[in-house]
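Fold and geometry: a report
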Amino acid sequence: MTTTTASTDSHTSNAGLHGILFMVAGMSLAPLMDGTAKYLSAFISPVEVSLGRFLCQAIIVLVIAGFMGRSFGSLMKEVNRIQLVRGACLAICSIFFFTSLKYMPLADAIAIFFVQPMILTVLSAVVLKEKVGVRRWAAVVVGMIGALIIIRPGSSALGWPSLLPLAAATSFAVYLVLTRKLAGSASLLGIQFATGIAGVLTLTPLVIIASLLGFEAAAWTTPDLTHLPLFVLMGIISFASHGCIVLAFDRAPASVLAPLSYTEIISATIVGFVLFGDIPDMFVWLGVALISGGGLYIAHRERTAAKRQAESEELVDSSPKRHY
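One numbering rule holds for all chains: residues counted from 1, following each sequence as written. Restriction of local features to residues with pLDDT of at least 70 applies here, the model being predicted, together with a cutoff of 80 or more for giving and counting side-chain atom pairs; totals for whole chains, interfaces and linings are based on all residues. Water and hydrogen atoms were dropped before computing side-chain values, which therefore reflect all heavy atoms in the structure.

Helix and strand counts for the chain stand at 13 helices and 0 strands. Secondary structure elements of the chain, listed N to C terminal, follow the sequence α-α-α-α-α-α-α-α-α-α-α-α-α. To sort residues, take the accessible area from a 1.4 Å probe on protein chains only and compare it with the maximum for the residue type: under 20% means buried, over 50% means exposed, and anything in between is partly exposed. Looking at the chain residue by residue over its 324 residues, the buried ones come to 46%. Every accessible area reported is derived by Shrake-Rupley at a probe size of 1.4 Å, with residue values counting cover from the shown protein chains alone. Of the accessible surface of the chain, which amounts to about 16700 Å², a share of 70% is contributed by carbon and sulfur atoms. Under the DSSP-based scheme used, a helix requires at least four consecutive residues in state H or I and a strand at least two consecutive residues in state E, with every element numbered from the N terminus.

Here we take up helix 8 (residues 163–181). Residue count minus one, scaled by 1.5 Å, sets the expected span of a helix. Compared with an ideal rise of 1.5 Å per residue, which puts 19 residues at 27 Å, helix 8 spans 28 Å between its outermost C-alpha atoms and is within 8% of the ideal. Buried within helix 8 are the following residues: Leu-164, Pro-165, Ala-168, Ala-169, Ser-171, Phe-172, Ala-173, Tyr-175, Val-177 and Leu-178. Any pair of residues with heavy atoms lying within 4.5 Å of one another is described as a contacting pair. Contacts made by the buried residues of helix 8 are with helix 4 (81–101), helix 5 (106–113), helix 6 (116–126) and helix 10 (228–251).

Another aspect to go through is the packing of helix 6 against helix 8. Orientation is described by lines fitted to C-alpha atoms, with helices fitted over the stretch in contact, and by angles between N-to-C directions that extend from 0 to 180 degrees. Relative to each other, helix 6 and helix 8 sit at 50°, their axes nearing to 8 Å. On the basis of their axis angle, the class for helix 6 and helix 8 is oblique. Where helix 6 crosses over helix 8, the two elements pack in a sense that is right-handed. On helix 8, the residues touching Gln-116, Ile-119, Leu-120, Leu-123 and Ser-124 of helix 6 are Leu-166, Ala-169, Thr-170, Phe-172, Ala-173, Val-174, Leu-176, Val-177 and Arg-180. Gly is put with the polar residues, along with every residue not named as nonpolar or charged; the nonpolar set is Ala, Val, Leu, Ile, Met, Phe, Trp, Tyr, Cys and Pro, and the charged set is Asp, Glu, Lys and Arg. For the contact of helix 6 with helix 8, the class distribution of residues is 10 nonpolar, 3 polar and 1 charged. In these notes the angle categories are as follows: under 35 degrees is roughly parallel, over 145 is roughly antiparallel, 65 to 115 is roughly perpendicular, and the rest is oblique. What makes a crossing left-handed is the near helix being turned counterclockwise from the far one by less than a right angle; a clockwise turn instead makes it right-handed.

Another aspect to go through is the confidence of the model for the chain. Of all residues in the chain, 82% have pLDDT values of 70 or greater, and the mean over the chain is 81. For every residue, the pLDDT score states the predictor's confidence, bounded by 0 at the bottom and 100 at the top. Mean pLDDT across the elements of the chain ranges from a minimum in helix 11 (residues 254–257), with 64, to a maximum in helix 2 (residues 46–67), with 93. Long-range and interchain partners of residues 1–7, a stretch whose pLDDT sits below 50, account for 0 contacts in this model, where long-range means more than four residues apart.

The definition used for a disulfide is geometric: two cysteine sulfur atoms within 2.5 Å. Considering all chains together, one arrives at 0 disulfides under this definition. Cys-89 carries a free sulfur, and the closest cysteine sulfur to it, the one in Cys-93, is 9.3 Å from it.

This is the structure we're talking about:
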């Protein structure tokens, strides 16, 4: 019995470690895609950049599926209405975030975007009817104060573009709520393919309508041949980054992985400095500290609640059963 328990604990520990490594890898890769999008947005509308990202992601999934012996039909069977809505939320998030990168530094945009855990907490209480205590609401307020410090309403530091990462964070929080509802309902390739298809179906009409109306901010611009490899690169990074995150959540609890999301700020700062020479100012770092603190506290409360629930279930399972 002891050997079996030790073996189980070791397996769980290894799975948790693998989950942590996958999460760090996924969050570290994401800013590389954002940096590529920021560069492309100087030549092409952010909506078209987003469309290219999802189209390439879907194509990459099809290629990988082919090598793994999976057919197009088998992938399509995993695409359902909720999956499409979920993917559409990610596409909308992509539009807002890529547009923000056209006007502001990468690290600043991601710092504001990290109010997402707070927004997710609010949506969890309102939509999923999850119980949220006073201390977690306090953490949400602290995180929002951090966002306001970065945005600095009324100043010319960032201006209206700073609202775009907020909109992206809200869209992404809705995406995560739907992800929670769909947990375990599809394969990794199926999830990635559904996301790519949903993005294409959402963004293609927007580009067509914008082109017909002459709305340059979203209209079609024929990419230069030198830009095509960058679109493919975005698709590859998107597939790898989101794939790592899905694998991480398969191996470790959300409460363990949530704090690791903030490693993206480190990667974004490096990418922004190397590619664009951006250095966050003192107010951004102060805001990041408050947002991170609020998010880490929420993660701590989630972890504590999950531990108590597990202990309660273990106590119930070990209690003597009455036989009548």
